[in-house]
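Listed below, chain by chain, are the residues.
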Amino acid sequence: MKASIATRLTRLSVRLEELNQMLSSETVTADLDNFRKLTREHAEIVPIVALYHAYQQSERDIQTAREMSADPDMREFAEAEVQEGKENLAHIEAELQKQMLPKDPNDERNIFLEIRAGTGGDESALFAGNLFRMYSRYAERKRWQVEIISQSHSDVGGYKEIIAKIIGQGAYSKLKFESGGHRVQRVPVTETQGRVHTSTCTVAVIPEADEISEVELNPADLRIDTFRASGAGGQHINKTDSAVRVTHLPTGIVVECQDGRSQHKNKAQAMSVLAARIHDKQMRAHQQEQAATRKSLVGTGERSERIRTYNFPQGRVTDHRINLTLYKMDQIMDGDIDEICSSLMSEHQAEQLASMEND
């Protein structure tokens, strides 16, 4: 192990002891924001320090085995122990490298999932509905909560646009590579001659900001309009100005929320989405600066980028960024996307490791 890595691991061990003491304090929950930050840091450090201790123990075991090899009767056994210890060390060191990769500070956050119909008319809207069901079913498998923020239904079913909040630990880490253009190839229900059509939808996955205060929102920069909700929703929701539209004038970002019965709740939801979108815009600008000299293996992150094709006649789903093709369309559309998400994460980690070695 490199001396620089060992030094960093030693510092993390010391930091873990500090965190244990701070989190055991009776007053630690007095500042909830600070408490969340401490618990998040603690959760990140614990597995790394545990691996480091396992590495140190393996080193001690190898040293003990080498001392045993001085005894002729124990030499063969000791040499086997040394070899096994070296293999264990190599495995632990590889795991440590992965654990020490730069962490995305947003990984554990809840997300806002935005799906919009693209080219393809009614078929695109129907596919938007299929995608929303896919992500909703995936969230169910993870025992995450899904809250619809706003939705615009298509006349034939599906959605012209739908925005939902997914609440669950690690939601962003699992779904952050889903942003981009999703293409579907299939025979639409309205097609009488059995021809395959191609339609697209765009998906955006935005991490939720911890608080609105994390983003500078000057009241003078906001225009807030109220109006009556449209569509089904009962007598109350259609007879009062409960729907809210918030416009952020400097960026032109507009957020509408009309699913709740309360204007106050709709405004709070809209402000939350607005803060997340502004935070996402700032984060993407920063990432573009960092990635100016190197393109990620998992794509540029541009939402217009066509990242995946769902070919229904062939039962094939292909992620173009990593050349992954799976022939299990039904399972994927029912929310079984773990293999795709894990493959994208593995490729991203491999790119990070290669970057660390080059640096």
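Figured I'd write up the structure that's included with this text. It should be emphasised that the depicted structure is a prediction, and the values quoted were computed from it without experimental measurement.

**Description of the overall build of the chain**
Looking only at helices and strands, the chain features nine helices and eleven strands. Every one of the 359 residues in the chain was classed for burial, and the buried ones make up 42%. A sequence separation of at least 24 residues applies to 62% of the contacts in the chain between residues at least 6 apart. Accessible surface, the chain: about 19800 Å² in total, of which carbon and sulfur atoms supply 47%.

**Description of the nonpolar core**
Ranked by size, the top nonpolar core spans 38 residues in total, and within it Ile115, Leu131, Tyr135 and Leu175 carry the most contacts. Elements with a contribution of two residues or more to this core: strand 1 (111–117), helix 4 (122–141), strand 3 (159–167), helix 5 (171–175), strand 5 (197–207), strand 11 (324–326), helix 8 (329–333) and helix 9 (338–358). A total of eight residues in this core trace back to one element, the largest contributor, which is helix 4. Once you skip the residues sitting within four places of it in the chain, Leu175 turns out to touch Ile111, Tyr135, Tyr138, Trp144, Ile166, Val205, Ile337 and Cys341. Counting residues in hydrophobic clusters, the runner-up holds 19 residues, among them Ile45, Leu51, Tyr55 and Leu89.

**Digging into the pattern of salt bridges**
All told, the structure shown has 22 salt bridges when counted by the stated rule. Notably, a salt bridge pairs Glu18 with Arg15, separated by 3.1 Å at the nearest N-O pair. Here Arg15 and Glu18 lie together in helix 1 (residues 3–23), a separation of three residues that amounts to about one turn. On the accessibility criterion, Glu18 (38% relative accessible area) is partly exposed. You can call Arg15 partly exposed: its relative accessible area is 24%. Between Arg141 and Asp334 there is a salt bridge; the shortest N-O distance is 3.7 Å. Taken together, the positions of Arg141 in helix 4 and Asp334 in the loop between helix 8 and helix 9 put the pair 193 residues apart, joining distant regions of the chain.

**Overview of the sheet that holds strand 4 (residues 180–186)**
Read from one edge to the other, the open sheet built from eight strands follows the order 2-3-1-5-4-9-10-11, with strand pairing classed as mixed. At either margin of the open sheet sits one strand with a lone partner, and together these are strand 2 (145–153) and strand 11. On average, adjacent strands in this sheet sit at an angle of 15° to one another, irrespective of strand direction. Pairing of strand 1 with strand 3, which is carried by six bridges, proceeds in the antiparallel orientation. Within strand 3, the position partnered with Ile111 by the bridge is Ile166. Sheet contacts for helix 4: strand 1, strand 2, strand 3, strand 4, strand 5 and strand 9 (306–311); angle to strand 4, the most-contacted strand, approximately 115°.

**Let's talk about unusual backbone geometry**
Unusually for a residue other than glycine, Arg143 sits at a positive phi of about 60°. Relative to the helices and strands, Arg143 is located in the loop between helix 4 and strand 2. Its identity as a non-glycine residue notwithstanding, Asn323 has a phi of 55°, on the positive side. Within the fold, Asn323 resides in the loop between strand 10 (316–319) and strand 11.

**Observations regarding the side chain of Arg277**
In this fold, Arg277 is placed in helix 7 (residues 263–290). Overall, the relative accessible area of 14% leaves Arg277 in the buried class.

**Examining the packing of helix 2 (residues 32–68) against helix 3 (residues 75–99)**
The geometry of helix 2 relative to helix 3 is characterised by a closest axis approach of 9 Å and an angle of 160° between their N-to-C directions. By the angle between their axes, helix 2 is roughly antiparallel relative to helix 3. The handedness of the crossing between helix 2 and helix 3 is left-handed. Taken together, the residues of the contact of helix 2 with helix 3 sort by class into 15 nonpolar, four polar and six charged.

The rules behind each value
Residues numbered from 1 in each chain as written. Predicted model: local features only at pLDDT ≥ 70, side-chain atom pairs only at ≥ 80, totals over all residues. Heavy atoms only, no water. Helix = DSSP H or I, 4+ residues; strand = E, 2+ residues; numbered from the N terminus. Buried < 20%, exposed > 50% of the residue type's maximum accessible area, 1.4 Å probe, protein only. Contact = heavy atoms within 4.5 Å. Areas by Shrake-Rupley, 256 points an atom, 1.4 Å probe, with all protein chains shown as cover. Core = buried A, V, L, I, M, F, W, Y, C linked by side-chain atoms within 4.5 Å. Salt bridge = Lys/Arg side-chain N within 4 Å of Asp/Glu carboxyl O. Pairing = 2+ DSSP bridges. Axes fitted to C-alpha atoms, helices over the stretch in contact; angles between N-to-C directions. Parallel < 35°, antiparallel > 145°, perpendicular 65-115°, else oblique. Left-handed = near helix turned anticlockwise from the far one by under 90°. Nonpolar A, V, L, I, M, F, W, Y, C, P; charged D, E, K, R; others polar.

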